[in-house]
Amino acid sequence: MKKFAIAAAALVVGTVSASAADLAARPYTKAPVPVAAVYNWTGFYIGGQVGYAWGDNRTTEFFTATGLPTGFNQNYNTDGVVGGIHAGYNWQFGQFVFGLEGDVEGADIKGGYRLANLNGTDYRLDAQASIRGRLGVAFNNSLLYVTGGAAFADIEHTYVRANTLFESISSTRTGWTVGAGWEYGFTPNWSARLEYRYTDFGSYRDRSTFSFPGFTYEDHPVYHTVRGGISYRFGGPVVAKY
């Protein structure tokens, strides 16, 4: 009987061991890979900006009748605050971002000079706009870009004689602007930017009718401007990359 019990116990242990050996091995599960977010710059955006402009103007005097220079010319500095709104659209292809942007700004850019006889010129630019292309390289939510296009401005020259006779001539000028900037997306739809632009409105002439009759004045304003801004982009979600 004792031998039978021992034999039965051995049979049970052997059966259990064999059954355990027949069970499938526990599958190996790989740990989840962390998700990397890729910023998408594509989409329409609108925003605001403010900045500071500084530059210089060169006035050259001509005889109106002959168009010949009188020999008088004068350089003077201009500066002031600018601010307004911008809007545009970006297309992102891989790491490259292409865009078209326009802006409209109010400005308080002033300058001028007075000679010893109190003759002189006052300068004022109170509104400007531009339409430009943009080309950038994106490093996720950081965008480095260059920009360039056409610039427009309402410019007023006031010609002053003996600081008592004033003649103001206003005109809308067309020029060109180029620059570069850095834009940083701090949420999927909001971004901040810092931008520098150089703007040149070319040379043009105003004819004086009563401050300095018989004379025409050629001006050539150029500007450097640094702007900071913020934009909201419609759409353009963050895309998950595994």
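Residues numbered from 1 in each chain as written. Predicted model: local features only at pLDDT ≥ 70, side-chain atom pairs only at ≥ 80, totals over all residues. Heavy atoms only, no water.

As annotated in an unreviewed UniProt entry, the chain carries the name Porin family protein and is attributed to Bradyrhizobium australiense. Per its UniProt entry, the chain bears the Subcellular location (unreviewed entry) comment "Cell outer membrane". (UniProt positions renumbered as here; feature names shortened; annotations may be inferred.)

## Observations regarding the side chain of Thr 158
Tracing the sequence through the fold places Thr 158 in strand S6 (residues 142-161). At 2.7 Å, the side chain of Thr 158 forms a polar contact with the side chain of Ser 168. With residues up to four places along the chain from it excluded, the contact list for Thr 158 reads Gly 120, Thr 121, Asp 122, Phe 166, Glu 167 and Ser 168. (Helix = DSSP H or I, 4+ residues; strand = E, 2+ residues; numbered from the N terminus. Polar contact = N/O pair within 3.5 Å; in protein donor to acceptor, adjacent residues only side chain to side chain. Contact = heavy atoms within 4.5 Å.)

## Concerning the pairing of strand S2 (residues 43-63)
As defined by bridge partners, S2 adjoins strand S3 (residues 69-93) across 19 bridges and the pair is classed as antiparallel. From the neighbouring strand, Gln 49 faces S3, where its bridge partner is Gly 84. Linking S2 to S3, which pair antiparallel, is a turn of five residues; within it Gly 67 sits at a positive phi near 75°. Of the strand pairs in this sheet, S2 and strand S11 (residues 222-234) are connected by 13 bridges, and their pairing is antiparallel. Pairing of Ala 53 across the sheet is with Thr 225, part of S11. Pairing analysis gives five bridges linking S2 to strand S10 (residues 215-219), with the strands arranged antiparallel. (Pairing = 2+ DSSP bridges.)

## Thoughts on the pattern of salt bridges
Under the definition given, this model contains 14 salt bridges. Two residues, Glu 101 and Arg 134, come together in a salt bridge whose shortest N-O distance is 3.9 Å. Of the two residues, Glu 101 sits in strand S4 (residues 96-114) while Arg 134 sits in strand S5 (residues 120-139), which places them 33 residues apart along the sequence. Taking relative accessible area as the criterion, Glu 101 reaches 2% and is therefore assigned buried. With relative accessibility at 5%, the residue Arg 134 sits in the buried group. The partner of Asp 108 in a salt bridge is Arg 124, with the nearest N and O atoms 3.3 Å apart. Residue Asp 108 is found in strand S4, and its partner Arg 124 is found in strand S5; the two are separated by 16 residues along the sequence. (Salt bridge = Lys/Arg side-chain N within 4 Å of Asp/Glu carboxyl O. Buried < 20%, exposed > 50% of the residue type's maximum accessible area, 1.4 Å probe, protein only.)

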